Amino acid sequence: TRTMSFTHSKSSPGKIRSSLTVLFVAQALSTGATTVGIALSSILIVHLTRSEALSGLPSTLKQVASALAALVVGQIMARSGRRLGLTLSYLIAALGALIGGFAALGGSLWGFLLGVILVGLGDGGIPQGRYAVAELVKPSHRGRTVGYLLSFGVLGSVLSTALTPLLESIARKYQIPSLELGWILGGILLLVGMSLIAVFFRAIPLEAAVNAADQAL
């Protein structure tokens, strides 16, 4: 079988494969978290405000927060490495999903919007996992490996969609609105992704990765 070539000779292939697997699974979890509830924030805010005029507000807040966070998280990663930046991003997004879900359950519009902003801040760093993936392999393998990462994201979305009937069944059983429950479950998925990255992901220092890439070219 064909083996993958790695950029950092001091890291064993086994450890790098483990790090890649963690990033793939975390990507699936984050996409699943978004699909299972967070993406439906426009519907949820209509339920909270009884007005369709504000349906675009969560999306706007999330996009602005994500754009602002992307630069900050990139700087954190440049100074302290990918693992810290990704761990913080998943943690902030998870807290946002949990706060937003429970706030919506309690009918708190401002609490829900706070959750939306936190999810956006986390989302500014989570997609940068693709750079962490790219740094673990030689330039000739980066396109294919990032493609695997994106495929896991699609897989997470498909699986979470397939589990929607189960989510609705749980919501009926415990008399919890399904939209709010989706946010809470999304927060749990993001916490799992954060834990995997914090414990098992071992990134190459950015400087070492750049030097290795230059040597490979």
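The structure displayed is predicted, hence computed values, not measured ones.

What counts and what doesn't
Residues numbered from 1 in each chain as written. Predicted model: local features only at pLDDT ≥ 70, side-chain atom pairs only at ≥ 80, totals over all residues. Heavy atoms only, no water. Helix = DSSP H or I, 4+ residues; strand = E, 2+ residues; numbered from the N terminus. Buried < 20%, exposed > 50% of the residue type's maximum accessible area, 1.4 Å probe, protein only. Contact = heavy atoms within 4.5 Å. Salt bridge = Lys/Arg side-chain N within 4 Å of Asp/Glu carboxyl O. Phe/Tyr/Trp six-rings, centres within 6.5 Å; stacked < 30°, edge-to-face > 60°.

Q: Honestly, the overall build of the protein chain in this entry has me stumped. Any pointers?
A: Within the protein chain, the secondary structure is distributed over 10 helices and zero strands. Of the regular secondary structure in the protein chain, the N- to C-terminal order runs α-α-α-α-α-α-α-α-α-α. Across the 217 residues of the protein chain, 43% fall into the buried class. When contacts within the protein chain are restricted to residue pairs at least 6 apart in sequence, long-range pairs at least 24 apart make up 79% of them.

Q: When you look at the pattern of salt bridges in this model, what are you seeing that I'm missing?
A: Where charged atoms from two side chains of opposite charge come close, those side chains can pair. Following the criterion strictly, the structure yields two salt bridges and no others. For Asp123, the salt bridge identified is with Lys62, shortest N-O distance 3.2 Å. Residue Asp123 is located in helix H5 (residues 109-123), and its partner Lys62 is located in helix H3 (residues 57-80); the two are separated by 61 residues in the primary sequence. Residue Glu135 pairs with Arg82 through a salt bridge whose shortest N-O separation is 2.7 Å. Within this pair, whereas Glu135 is found in helix H6 (residues 129-135), its partner Arg82 is found in helix H4 (residues 82-105), the two being separated by 53 residues in sequence. In this structure, Glu135 and Arg82 share a single accessibility class: buried.

Q: Just to check I follow, could you spell out the packing of aromatic side chains for this structure?
A: Note on aromatic pairs: each is described by the distance of the centres and the angle between the planes. A full pass over the atoms with the stated rule returns two aromatic pairs. For the pair Phe24 and Phe152, a centre-to-centre distance of 5.1 Å together with 20° between the ring planes defines the contact as stacked. With Phe24 in helix H1 (residues 13-36) and Phe152 in helix H7 (residues 139-162), this pair connects stretches of sequence that are 128 residues apart.

Q: Explain the environment of Ser151 to me, please; I cannot follow it from the model alone.
A: Within the secondary structure, Ser151 is located in helix H7. In this structure Ser151 comes out as partly exposed when scored by relative accessible area, which is 44%.

Q: Is there a simple way to think about unusual backbone geometry in this case?
A: What is expected of a backbone is that most residues other than glycine have negative phi and most peptide bonds are trans. Unlike most non-glycine residues, Arg50 shows phi in positive territory, near 60°. In this structure, Arg50 sits in the loop between helix H2 (41-49) and H3. Non-glycine residue Gln175 carries a positive phi angle of around 55°. Note on placement: Gln175 falls in the loop between helix H8 (164-174) and helix H9 (178-200). Residue class for Gln175 comes out exposed when judged on its relative accessible area of 72%.

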